[in-house]
Amino acid sequence: MTGSRVVALGHYQPARILTNEDLAAMVDTSDEWIRSRVGIRTRRIAGDDEPVDALAAEAGAKALAQAGLTPADVDMVLVATSTAIDRSPNTAARVAARLGMGSPAVMDLNVVCAGFTHALATADHAVRAGSATRVLVIGADKMTGITDWNDRTTCVLTGDGAGAAVVEAVPEGEAPGIGPVLWGSVPEMGHAVRIEGTPPVFAQEGQSVYRWATTQLPPLARKACEKAGTSPEELAAVVLHQANLRIIEPLAERIGAVNAVVAKDVVESGNTSAGSIPMALSKLVERGEVAAGAPVLLFGFGGNLSYAGQVIRCP
């Protein structure tokens, strides 16, 4: 068994920007109301001609380019999403087809907002088990496609986008770059975040999620650091699911990551569910805010009240 590491990242967002002022013309809200409650200023909206697999493929292609790889170099594609409309071909298969891949294993994971960190752990496990050598891991969601634009408590949150990571086996003798995952769920609170119905619609109990995240997640995040042998003070960056700025800021503080850059992409991108963590991390790296090899805590949480987190070494 060998470990794995993230060697490259990529992200993609649609061109259309929806501002708080735009929303105020659609529903009873205001820029001040949105900023004070969730911290969001803008979000990106995918068009009818941009399905989830298109967003995912764009992010995946950029990650492969950053790694200096071709699609043929990948033997597994994992896509975390909860907003794909079709069941088959699954999103991963459609991404493989769009990118012109050979014959990779293709799997979708639906763990909603914690999807990417679950998929990253799954990729790491596949490499450690010897069933994959190079994995394209993508988080992608088109949340605006399942948004009730008459519900001002949820329509102010959502955006569309995708982020991707290339994961590969570490050379013999090198330390792993992806730490052990800490994951789990709170099944009795599954009703707090829902995507239900035909057609499916996103709904949540915002206060329940806020209380749970700000009180229960800090010790879980610290435990993820402990499993990696990293103290919170050593973290160079913290990338949490970009749900709400009012959750992200106190949560990062309570983890004890006093020296870390805290990703706040939610301000510009809104809540992109499984796309939020890889997209935010890709942007931090692109801007040069985190050094290569530095420890970064990733922690996803949300639907099902599922959670998953791990410490990785920044590519």
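Look up: the structure comes first, before these words.
Conventions and cut-offs
- Residues numbered from 1 in each chain as written.
- Predicted model: local features only at pLDDT ≥ 70, side-chain atom pairs only at ≥ 80, totals over all residues.
- Heavy atoms only, no water.
- Helix = DSSP H or I, 4+ residues; strand = E, 2+ residues; numbered from the N terminus.
- Buried < 20%, exposed > 50% of the residue type's maximum accessible area, 1.4 Å probe, protein only.
- Contact = heavy atoms within 4.5 Å.
- Areas by Shrake-Rupley, 256 points an atom, 1.4 Å probe, with all protein chains shown as cover.
- Lys, Arg positive; Asp, Glu negative; His and termini not counted.
- Charge placed at Lys NZ, Arg CZ, Asp CG, Glu CD.
- Phe/Tyr/Trp six-rings, centres within 6.5 Å; stacked < 30°, edge-to-face > 60°.
- Lys NZ or Arg CZ within 6 Å of the ring centre and 35° of its normal.
- Pairing = 2+ DSSP bridges.
- Axes fitted to C-alpha atoms, helices over the stretch in contact; angles between N-to-C directions.
- Core = buried A, V, L, I, M, F, W, Y, C linked by side-chain atoms within 4.5 Å.
- Polar contact = N/O pair within 3.5 Å; in protein donor to acceptor, adjacent residues only side chain to side chain.
- Salt bridge = Lys/Arg side-chain N within 4 Å of Asp/Glu carboxyl O.
- Left-handed = near helix turned anticlockwise from the far one by under 90°.
- Nonpolar A, V, L, I, M, F, W, Y, C, P; charged D, E, K, R; others polar.

**Examining the overall build of the protein chain**
- Along the protein chain, the regular secondary structure elements total nine helices and 14 strands.
- Projected onto the principal axes, the alpha-carbon positions of the protein chain cover approximately 60 × 45 × 40 Å.
- Expressed as a percentage of its 315 residues, the buried residues of the protein chain come to 57%.
- In the protein chain, once contacts between residues fewer than 6 apart in sequence are set aside, the share between residues at least 24 apart is 75%.
- Within the structure as shown, the protein chain displays about 12,500 Å² of accessible surface, and the carbon and sulfur contribution to it stands at 48%.
- In the protein chain, 26 side chains carry a positive charge and 34 a negative one; their mean positions are 3 Å apart.

**Concerning the packing of aromatic side chains**
- Under the counting rule described, the total for this entry stands at two aromatic pairs.
- Aromatic side chains Trp-212 and Tyr-307 sit 6.3 Å apart centroid to centroid with 40° between the ring planes, which places their arrangement in the tilted category. Of this pair, Trp-212 sits in helix α6 (residues 206–227) while Tyr-307 sits in strand β14 (residues 306–313), and the two are 95 residues apart along the sequence.
- Ring plane angle 10° and centroid distance 6.3 Å describe the contact between Phe-299 and Tyr-307, whose orientation is recorded as stacked. Residue Phe-299 shares its accessibility class with Tyr-307, and that shared class is buried.
- Sitting over the face of the ring of Tyr-210, Arg-246 holds its NZ or CZ atom 4.9 Å from the ring centroid.

**Digging into helix α9 (residues 276–286)**
- A large share of α9 lies buried, amounting to nine of its eleven residues.
- Following α9 by one or two positions, Gly-288 has its phi on the positive side, about 75°.

**Details of the sheet that holds strand β12 (residues 261–262)**
- Taken in spatial order, the five strands of this open sheet run β8-β14-β13-β11-β12, and their pairing is mixed. Both outer strands of the open sheet, β8 (182–185) and β12, are each paired with one neighbouring strand and no more.
- Note: β8 against β14, four bridges, orientation antiparallel. If you follow Trp-183 over to β14, its bridge partner there is Ala-308.
- Contacting β8, β13 (295–301) and β14, helix α5 (residues 115–128) crosses the sheet at an angle of about 55° to β14.
- Along the sheet, α9 makes contact with β11 (237–240), β12, β13 and β14, crossing β11 at roughly 150°.

**Some remarks on the nonpolar core**
- Of all hydrophobic cores here, the largest spans 45 residues; its most connected members are Trp-212, Leu-217, Leu-235, Leu-240, Leu-297, Phe-299 and Phe-301.
- In terms of residue count, the dominant contributor to this core is α6 (eight residues).
- Ranked by size, the runner-up nonpolar core spans 32 residues in total, among them Val-6, Met-76, Ala-80 and Val-239.

**Concerning the side chain of Thr-144**
- Mapping Thr-144 onto the fold places it in the loop between β6 (134–142) and β7 (160–169).
- Looking at Thr-144, its side chain comes within polar contact range of the side chain of Asp-160, at 2.6 Å.
- Once residues within four sequence positions are removed from consideration, Thr-144 is found in contact with Arg-44, Ile-45, Ala-46, Trp-149, Thr-158, Gly-159 and Asp-160.

**Considering the pattern of salt bridges**
- A full pass over the atoms with the stated rule returns 13 salt bridges.
- Asp-53 is the salt-bridge partner of Arg-98, the closest N and O atoms lying 2.5 Å from each other. Taken together, the positions of Arg-98 in helix α4 (residues 91–99) and Asp-53 in helix α3 (residues 52–67) put the pair 45 residues apart, joining distant regions of the chain.
- The residue Arg-194 makes a salt bridge to Glu-196 at a minimum N-O spacing of 3.7 Å.
- By relative accessible area, which is 24% here, Arg-194 ends up partly exposed.
- A network of salt bridges, in which partner residues are shared, links Arg-5, Arg-134, Glu-168 and Glu-174.

**Comments concerning the packing of α6 against helix α7 (residues 245–255)**
- It is the contact of α6 with α7, at a shortest axis distance of 9 Å, that shows an interaxial angle of 35°. For the crossing formed where α6 meets α7, the hand is right-handed. Across the interface between the two elements, Tyr-210, Ala-213, Thr-214, Leu-217, Pro-218, Ala-221 and Arg-222 from α6 touch Arg-246, Ile-247, Pro-250, Leu-251, Arg-254 and Ile-255 from α7.
- A breakdown of the residues in the contact of α6 with α7 according to their chemical character gives nine nonpolar, one polar and three charged.

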